[in-house]
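Residue-level structural notes
Here is what each chain is made of, one letter per residue.
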Amino acid sequence: MRGAGTRTAKGRLDGKVAFVTGAAGGLGRSHIRRLAEEGADLVIVDICRPIDTVPYPLSTPAELTEAVSEAEALGRRVVARQSDVRDREALQAAFDTGLAEFGHIDVVVANAGIAPMLVQDRAEAWQDVIDVNLTGTFNTVEVAIPSMVAAGQGGSIVIISSTAGLAGIGGASNGGLGYAASKHGVVGLMRSYANNLAHDGIRVNSVHPTGVATRMIADPAILEFVAQDPSLSHEAPNALDVDTIEPVDVSNAVLWLASDEARYVTGVTLPVDAGFINRK
Ligand SMILES: NC(=O)c1ccc[n+]([C@@H]2O[C@H](COP(=O)([O-])OP(=O)(O)OC[C@H]3O[C@@H](n4cnc5c(N)ncnc54)[C@H](O)[C@@H]3O)[C@@H](O)[C@H]2O)c1
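Residues numbered from 1 in each chain as written. Predicted model: local features only at pLDDT ≥ 70, side-chain atom pairs only at ≥ 80, totals over all residues.

Per an unreviewed UniProt entry, the recorded name for the chain is Mycofactocin-coupled SDR family oxidoreductase, and the organism is Streptomyces rugosispiralis. The UniProt entry for the chain carries the following text under Sequence similarities (unreviewed entry): "Belongs to the short-chain dehydrogenases/reductases (SDR) family." (UniProt positions renumbered as here; feature names shortened; annotations may be inferred.)

A few words now on the packing of helix 4 (residues 124–151) against helix 5 (residues 174–197). Two elements in contact, helix 4 and helix 5, have axes whose closest approach is 7 Å; the angle formed by their N-to-C orientations is 15°. Relative to helix 5, the element helix 4 is oriented roughly parallel. The crossing of helix 4 and helix 5 is right-handed. Residue-level inspection shows Ala 125, Trp 126, Val 129, Ile 130, Asn 133, Leu 134, Thr 137, Phe 138 and Val 141 of helix 4 in contact with helix 5, the latter providing Asn 174, Gly 175, Leu 177, Gly 178, Tyr 179, Ala 181, Ser 182, Lys 183, Gly 185, Val 186, Leu 189 and Tyr 193. Across the contact of helix 4 with helix 5, the residue classes break down as 13 nonpolar, seven polar and one charged. (Axes fitted to C-alpha atoms, helices over the stretch in contact; angles between N-to-C directions. Helix = DSSP H or I, 4+ residues; strand = E, 2+ residues; numbered from the N terminus. Parallel < 35°, antiparallel > 145°, perpendicular 65-115°, else oblique. Left-handed = near helix turned anticlockwise from the far one by under 90°. Contact = placed C-beta atoms within 7 Å. Nonpolar A, V, L, I, M, F, W, Y, C, P; charged D, E, K, R; others polar.)

Spatially, the seven strands line up as an open sheet ordered 3-2-1-4-5-6-7, and their pairing is parallel. In this open sheet, the two strands that pair with only one neighbour each are strand 3 (78–82) and strand 7 (269–272). Sheet twist, expressed as the mean angle between neighbouring strand axes with direction ignored, is 15°. Here strand 5 (residues 155–160) runs beside strand 6 (residues 202–209); their pairing, made up of six bridges, is parallel. Its bridge partner being in strand 6, Ile 157 is matched across the sheet by Val 204. (Pairing = 2+ DSSP bridges.)

On to the site of the ligand. As a structural note, the neighbourhood of the ligand is formed by 31 residues, with Gly 22, Gly 25, Gly 26, Gly 113 and Thr 214 the closest of them. If you list the elements that add at least two residues to the shell around the ligand, you get helix 1 (26–37), strand 2 (41–46), helix 4 and helix 6 (215–218). Class assignment of the residues belonging to the shell around the ligand gives a composition of 15 nonpolar, 12 polar and four charged. (Near = placed C-beta within 6 Å.)

Look at any regular strand and the pattern is simple: side chains alternate between the two faces of the sheet. Of all the six residues making up strand 2, six are buried; the element is thus mostly covered by neighbouring parts of the structure. Going residue by residue along strand 2, you find Asp 41, Val 43 and Val 45 tucked away on one face and Leu 42, Ile 44 and Asp 46 tucked away on the opposite face as well. As paired strands, strand 1 (residues 17–21) and strand 2 are joined by five bridges and run parallel to one another. For Ala 18, the partnering residue across the bridge sits in strand 2 and is Leu 42. On the question of chirality, the crossover connecting strand 1 to the parallel strand 2 by way of helix 1 is right-handed. Of the pairings in the sheet, the one linking strand 2 to strand 3 comprises five bridges and is parallel in character. What sits directly across from Asp 46, in strand 3, is Gln 82. On the question of chirality, the crossover connecting strand 2 to the parallel strand 3 by way of helix 2 (residues 61–73) is right-handed. (Buried ≥ 20, exposed ≤ 12 C-beta atoms within 10 Å, placed from the backbone. Right-handed = clockwise from strand over helix to strand, strands pointing away.)

Let's shift gears to the environment of Gly 15. Within the secondary structure, Gly 15 sits in the segment before strand 1. Exposure remark for Gly 15: the 10 C-beta atoms within 10 Å place this residue in the exposed category. Distance from Gly 15 to Ala 40, taken between C-alpha atoms, is 6.4 Å for residues 25 residues apart in sequence.

Side chains of strand 4 (residues 107–110) alternate between two faces, with Val 107 and Val 109 and Val 108 and Ala 110 buried alike. In the sheet, strand 1 pairs with strand 4 via three bridges, with the strands oriented parallel. Across the sheet, residue Val 20 finds its bridge partner in strand 4, namely Val 109. Pairing of strand 4 with strand 5 involves four bridges; the strand directions are parallel.

Counted at 1.5 Å a residue, the expected span for helix 4 with its 28 residues is 40 Å, and the 40 Å between its end C-alpha atoms agrees. A maximum bend of about 35° is found in helix 4 at Ile 145, where proline Pro 146 lies one to four positions downstream. Following helix 4 by one or two positions, Gly 152 adopts a phi angle in the positive range, close to 70°. (Expected span 1.5 Å × (residues − 1). Bend = angle between axes of the 7 residues up to and from the residue.)

Structural data, given as structure tokens:
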């Protein structure tokens, strides 16, 4: 029997190349698995080191290497670089290396993000989360646009936001306010890019997950933060009977938006949230 992630005979992304940020862990790792299973070659980046205000571990260089091996085992080609989405120059260099290798990049998944909702609040958490989640997303799209437009083949850009990009949740800490602001901010980017790039056949959408079982929300500091926040801590936050969804649930939405099945879908905020937003 086929599982949700089984490679089909004809891949839904055969012949395409995807650029994915934050790809060594959590959701990013799941996105690249799913995209690779459907035939995409990959250009992947991850910071692979901690950020001071983030209380849970970010990925390691060994995890980036593992991600490459996993995609290669699925028969895909991969270009991987340790790169921080805050550093436009380094990100452009990573993207350009992938572009030189494959000749075209058709899909962008701006996934890298942090959630520095510290119980011990810290002023610099605001700046860090805005820099990574908002400016990092801007950088990710900006480095990709020129070659996508020049290729004249259209493309798909998927921005990973959050339910905190659609509702006023995330708490009152510097990091929590910054998280909600950054995740709303990327919706503004998405809507503007969707209009600006439609003429070139490039579609731009955002995905808004509820809690997903990754390191980001499994850390004791985040669990304590959630327990203390009345907007998040009530017994069953989602309408459907599930506390946290799995990374593949989000990756399946990313895959669909990346594929030609969604060829007339652009400018959309797509919740993958088990009914969380509708229940608010
Ligand atoms: N887990 C959730 O509950 C949840 C819910 C809604 C939205 N999201 C969003 O999904 C995305 C992925 O989150 P996740 O749960 O997989 O978190 P995660 O911490 O498990 O993974 C994030 C990945 O991004 C990398 N990263 C962090 N900062 C980076 C930077 N500056 N440059 C490059 N790479 C960087 C990390 O090393 C890590 O590999 C984030 O944008 C997050 O805000 C997550």
